[in-house]
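Tertiary structure, described
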Amino acid sequence: MTSTWDANTLGIDFGTSNSAAGVCVGGRPFLIPSEPGETTLPTSVFFGVGRSEMTIGNMANRALINGDEGRYMRALKSVLGTSLMGEKRTFLGEKMDFYDIIGQFLSVVKTRAEAACHQPFDYALSGRPVRFHSRDADRNAKAQSDLVECYLRAGFKDVRFMFEPEAAALATQSIGDEGLSLIVDIGGGTSDFSVFRSGTDGVEVLASHGVRVGGTDFDKRLSVDHVMPLLGRGALIRKEMGSGTMTLPNSMFQQLATWEQIPFMYGHDVKRDVARMQRLAVDPPVLARLSYLLEMELGHDVAFAVEAGKIKANSGDGAEARIDLSILEKGVFAPLGRDQLAVSLAEHVQDVVAAALATFEQADCTAEQISRIIFAGGSSLLRPIQSAMQTACVNAELAYADAFAAVIDGLALASAAPLKYGTAP
Ligand SMILES: Nc1ncnc2c1ncn2[C@@H]1O[C@H](COP(=O)(O)OP(=O)(O)OP(=O)(O)O)[C@@H](O)[C@H]1O
Ligand SMILES: [Mg+2]
């Protein structure tokens, strides 16, 4: 007998930057077109002033780009497991916390999948990073239970989980491939690894491991290094008491460079602090751009400009790549060459490689024994990552999965047997 789970389960990849949903049809993944012509959906939400419902995905991104009045949020997944989850704020006249916001996002994904497939989905098989939080086991556990609560608020009766890189392994296995393969799935929020072997009975996973480093961290580092100095990071202000000068507090610039913290920079207290600092600044014009950014709420626009600059610097020959800041001031940009990209990302790349090496240790194998590295996730397209992984695994050939579909393809396949592949929370 088919269990309710088997007939009624939707595979969902709730990503930091992009989400997707899918089911298994005729033994193959079928991805839900969540927006016309698109099978992945930006994990973004927008609460427009004067609207009754929040918008999500590309529509939310468009509202931000058009400068519509309202509140925009991205990288919601990074909030799971933190104390921010339960903080209530008023959106569209209603008090909501992050469980409600993520729940509503997932509920739209559910409704669209049900409309596309002409059937209800009461159960979800969700991907999850191996580690939401790298160092804190309690936070990691809380992040998963937070996500369960979000699925329940979305209207699902229950949810099971599968590690994201193991889903990617399921989708990219090729029977008959000799030797050990490594999935390197680097997304917006986390880097995840699985060492596996392809056998006649399917995928045999030897070990999975992860670290909380991803594209949003890369954006943050690039922003802090290359953009924030143009907004006043490192600038001097006169001390309010006594003589002498001091450097502007760094924490404000770190926050402004962090996708999920940007919405919290627009409160009156921050604007008041910046106005005070501008009065005290040794070189006041430097802070004028920062004031303008806060006044016009352009933090996410700048973050998108950083992300676009990163992708440009990484693509083609990377010549003349720059972070275009004309949204803040005509003609202003931060140059970002291939070398600067590599320097800014070096520490994060080291963390990624260290996590891969730790995966080999858990799998009881050596880096030399890896015969194939399969890259998945948008940030795996970064050259510094690919070359560091090739250096670490000298005998491996490099293979490229569909960066944005490998995880959801695996979850869609596994959704046909969620009790076999998914683990109960
Ligand atoms: N061509 C590219 N070069 C470098 N980075 C890219 C490229 N395209 C997208 N990215 C980055 O990839 C990230 C998104 O990748 P992806 O959609 O796989 O993440 P995600 O699944 O949402 O996140 P996670 O799995 O970590 O929760 C973003 O940080 C984006 O800037
Ligand atoms: Mg992902």
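Residues numbered from 1 in each chain as written. Chains lettered and ligands numbered in written order. Predicted model: local features only at pLDDT ≥ 70, side-chain atom pairs only at ≥ 80, totals over all residues. Heavy atoms only, no water.

**Considerations on the site of ligand 1**
For clarity, the cut-off: By convention in this text, a residue qualifies as near a molecule or strand provided that one of its non-hydrogen atoms is within 4 Å of it. We call two N or O atoms a polar contact when they sit within 3.5 Å, provided that within protein one can donate a hydrogen and the other can accept it, with sequence-adjacent residues counted only if both atoms are side-chain atoms. Areas reported here follow the Shrake-Rupley algorithm with a probe of radius 1.4 Å; residue values treat only the protein chains shown as occluding. Elements are defined by DSSP. Helices are runs of H or I of four residues or more, strands are runs of E of two residues or more, and each kind is numbered from the N terminus. All residues other than Ala, Val, Leu, Ile, Met, Phe, Trp, Tyr, Cys, Pro, Asp, Glu, Lys and Arg, Gly among them, are scored as polar; the first ten of these are nonpolar and the last four charged. Those domain boundaries reflect an automatic or database domain assignment.
As a matter of local geometry, ligand 1 sits amid 21 residues, with Thr16, Ser17, Asn18, Lys77 and Glu307 nearest to it. Lys310 places a side-chain nitrogen or oxygen 2.8 Å from an oxygen atom of ligand 1. The backbone of Gly378 places a nitrogen or oxygen atom 2.9 Å from an oxygen atom of ligand 1. Alone, ligand 1 offers 660 Å² of accessible surface; in the complex the protein occludes 91% of this. A per-element tally of the shell around ligand 1 places helix 10 (residues 299-314) first, with four residues. Here the residues of the shell around ligand 1 are counted per class, giving four nonpolar, 13 polar and four charged. When residues of the shell around ligand 1 are assigned to domains, at least three fall in each of domain 1 (4-175 + 404-421) and domain 2 (216-341).

**Remarks on the sheet that holds strand 20 (residues 397-400)**
In plain terms, the rule: Pairing between strands requires that DSSP locate at least two bridges from one strand to the other. In this analysis, axes come from line fits to C-alpha atoms, helices being fitted only over the stretch in contact, and the angle between any two N-to-C directions falls in the range 0 to 180 degrees.
Taken together, five strands build an open sheet; the order of strands is 14-13-12-19-20 and the sheet is mixed. The open sheet has two edge strands with one neighbour each: strand 14 (202-211) and strand 20. Across the sheet, the mean angle from the axis of one strand to that of its neighbour is 25°, orientation sign disregarded. For strand 19 (residues 370-376) and strand 20, the ladder comprises four bridges, and the chain directions are parallel. Counted as the bridge partner of Ile373 is Leu398 from strand 20.

**What to know about the pairing of strand 19**
Moving residue by residue along a regular strand, the side chains alternate between the two faces of the sheet. Basically, it comes down to this: Only protein chains enter the accessibility calculation, which uses a 1.4 Å probe; a residue is then buried when its area is under 20% of its type maximum, exposed when over 50%, and partly exposed in between. We call a crossover right-handed when, viewed with both strands directed away from the observer, the connection leading from the first strand over the helix to the second proceeds clockwise.
Extensive coverage of strand 19 is indicated by the burial of six of its seven residues. In this structure, strand 12 (residues 180-186) lies alongside strand 19, joined through six bridges in parallel fashion. In the sheet register, Ser181 faces strand 19, and the bridge partner there is Arg372. Read from strand 19 through helix 12 (residues 383-392) to strand 20, the crossover connection turns out right-handed.

**Concerning helix 4 (residues 137-153)**
Rules: For a helix, the expected span equals 1.5 Å multiplied by the number of residues minus one. Between two residues, a contact is recorded if the distance between any of their heavy atoms is within 4.5 Å.
The end-to-end C-alpha distance of helix 4, which contains 17 residues, comes to 25 Å, matching closely the 24 Å that a straight helix rising 1.5 Å per residue would cover. Looking at the buried side of helix 4, the elements it contacts are strand 1 (9-13), helix 3 (98-117), strand 10 (123-128) and strand 11 (158-163). The N-terminus of helix 4 is capped by Asp136, whose side-chain oxygen sits 3.0 Å from the backbone nitrogen of Asp138. Looking at the residues trailing helix 4, positive phi occurs at Gly155, about 105°.

**Some words on the domain arrangement of the chain**
What counts here: As a working definition, buried area equals the accessible area (1.4 Å probe) given up by two parts on being put together, with both sides summed.
When cut into domains, the chain gives domain 1 (4-175 + 404-421) and domain 2 (216-341). Between the C-alpha centres of domain 1 and domain 2 there is a distance of 30 Å. Facing the 14 residues of domain 1 at the interface are eleven residues of domain 2. Carbon and sulfur atoms supply 62% of the area buried between domain 1 and domain 2, which totals about 1,100 Å² over both sides. Sorting the residues of domain 1 by area buried against domain 2 places Leu64, Arg71 and Arg74 first, and these three jointly supply 46% of that buried surface.

**Focus: the packing of helix 3 against helix 4**
How two helices pack is summed up by the angle between their axes together with the distance between the axes. Let me state the cut-off plainly: Roughly parallel means an angle under 35 degrees; roughly antiparallel, over 145; roughly perpendicular, 65 to 115; everything else is oblique. What makes a crossing left-handed is the near helix being turned counterclockwise from the far one by less than a right angle; a clockwise turn instead makes it right-handed.
One way to put it is that helix 3 packs onto helix 4 with a least axis distance of 7 Å and a crossing angle of 55°. With respect to each other, helix 3 and helix 4 are oriented oblique. Relative to helix 4, helix 3 is oriented so that their crossing is right-handed. Taken together, the residues of helix 4 that come into contact with helix 3 (itself represented by Phe98, Tyr99, Asp100, Ile102, Gly103 and Leu106) are Lys142, Asp146, Glu149, Cys150, Tyr151 and Arg153. In terms of residue class, the contact of helix 3 with helix 4 is built from six nonpolar, one polar and five charged.

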